[in-house]
Amino acid sequence: GLAADYKAILPIAEQAGLKVIVDSAQSFGATIDGTCTCSLGDVACTSFFPAKPLGCYGDGGMCFTNSAQLQEIMVSLRVHGMNMDDKYDNVRIGLNARLDTLQAAILLPKLEIFADEVEKRNRVAARYNELLATTDLVTPVVPEGYVSVWAQYSLQARDGAHRSQIQAKLQENGVPTAIYYPLPLHLQGAYKNLGYTQGDMPVAETVGGRIFSLPMHPYLSEEDQDTICGLLVG
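Visitor: Would you mind showing me how to read the pattern of salt bridges here?
Guide: Opposite charge on two side chains permits them to pair, given that their charged atoms come into close proximity. Applying the stated rule across the entire model yields seven salt bridges. Arg 127 is paired through a salt bridge with Asp 226; the nearest N and O atoms lie 2.9 Å apart. Residue Arg 127 is located in helix α4 (residues 114–131), and its partner Asp 226 is located in helix α7 (residues 222–233); the two are separated by 99 residues in the primary sequence. The class for Asp 226 is partly exposed, based on a relative accessible area of 39%. Residue Asp 136 is joined to Arg 158 by a salt bridge in which the shortest nitrogen-to-oxygen separation is 2.4 Å. Remark: Arg 158 occurs in the loop between β9 (153–156) and α5 (160–172) and Asp 136 occurs in the loop between α4 and β8 (146–147); sequence separation between them is 22 residues.

Visitor: I tried to follow unusual backbone geometry on my own but got confused; where do I start?
Guide: Although it is not a glycine, His 80 adopts a positive phi angle of roughly 65°. For His 80, a relative accessible area of 39% gives the class partly exposed. In this structure, Trp 150 takes a positive phi of about 50° despite not being glycine. Tracing the backbone shows Trp 150 in the loop between β8 and β9.

Calculation notes
Residues numbered from 1 in each chain as written. Predicted model: local features only at pLDDT ≥ 70, side-chain atom pairs only at ≥ 80, totals over all residues. Heavy atoms only, no water. Salt bridge = Lys/Arg side-chain N within 4 Å of Asp/Glu carboxyl O. Helix = DSSP H or I, 4+ residues; strand = E, 2+ residues; numbered from the N terminus. Buried < 20%, exposed > 50% of the residue type's maximum accessible area, 1.4 Å probe, protein only.

Keep in mind these values describe shape, not function.
Shown next as structure tokens:
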């Protein structure tokens, strides 16, 4: 739910003449110095998958841009690559990727309460950090000037064995956990042609071997948090 370091990324991209595509799939509503992540870069993309901070009841997503040219291309691409002046003339290879009206009808009222839910998520996260301060788990940190929307609340154990021990204990007591990204991108099959091997990106690999996520949503009760954290502190 936290934006990447766009203060560093954007100047590098500008100097090198690169376009920036902002991945806001989990950080829709997050800000840097008051600017929303979806307002950054050349194009920003978010997801409305049900598990996201602003989620519909199926599949959905949205792209944002300040460029009229890019907007026209993306509108064309989402409807089979249509000609903007004649929808039955397809001028490029496109997709059938429209957000259906049912999902839009679900998202609109959820958007009205979204700011309140972000505030509630931040209260839940702050309380987690407070309750877990005495443990040897690494709790998440939000840099100054940033606001996270807490798509997940993730911790780092000492190592993989410690993580497995914690997860087993929580599972025995009916508390779900998740490891969302156990394998870093550079070790996934899609990027095998790049030639990366284990050890090339030790920070990502270490985090991937230690990280796990606790239940997180705006309406998580203090009682449930006390139960979860009691198992981790005890």
